[in-house]
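A structural walkthrough
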Amino acid sequence: MELTVLAVPGCPHAPVLEQRVAEALTGQPAVTVTRQVITDADEAARWGMSGSPTLLIDGHDPFAVPGAGPAVACRMYRNEDGRLEGAPSAAALRRALEQAGAPG
C-alpha cells in the first residue's frame, strides 16, 4: 500500500494530516508515507490534488468530492460531528485504509 501526502508549500494542515495518518497506522505493518510538494495547477491536476493537504492511497483520494477539480488551495474536511477541519480525523483515515485493503 502506497500513501502519498500532497500539499502546497507551507500548508499548515499537512503536519496535522501526517500526524493523523501515523495515528491511523498504529499497529499496522510498516507502511511508507511519501510527501509531494505541489507548486502549481498543472502539478495539482497531474497528481489529483483537489486541495491541500490531500492523501492518496495507492494513487486514489478516498475523500474526493465528486465534481471537484484540481486545486492549489486549502482543503477542508468535514469531521464526524459536522465541523470543518484541515485534515480528516484519525478514525476517518482508519476507515479509508480499511476500505483500501490495509491489513489489520
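This section reports on the structure supplied with the text. (Residues numbered from 1 in each chain as written. Predicted model: local features only at pLDDT ≥ 70, side-chain atom pairs only at ≥ 80, totals over all residues. Heavy atoms only, no water.)

**Some points on the nonpolar core**
- The biggest cluster of nonpolar side chains holds twelve residues, and these are L3, V5, L17, V21, A24, L25, L55, I57, A87, L93, A96 and L97.
- Those residues in contact with L17 that sit more than four places away from it in its chain are V5, P53, T54, L55, A87, P88 and L93.
- Listed in part, the five residues of the second largest apolar core include L6, I38, A44 and L56. (Core = buried A, V, L, I, M, F, W, Y, C linked by side-chain atoms within 4.5 Å. Buried < 20%, exposed > 50% of the residue type's maximum accessible area, 1.4 Å probe, protein only. Contact = heavy atoms within 4.5 Å.)

**Some details on helix α3 (residues 90-99)**
- Taken as a whole, α3 has its buried residues at A90, A92, L93, A96 and L97. Taken around the axis of α3, the buried residues stretch over an arc of 160°, which confines them to a single face. For α3, the exposed residues lying more than 90 degrees away from the buried face are E98 and Q99.
- Close packing links the buried residues of α3 with β1 (3-7), α1 (14-24) and β4 (54-57). (Helix = DSSP H or I, 4+ residues; strand = E, 2+ residues; numbered from the N terminus. Arc of directions from axis to C-beta.)

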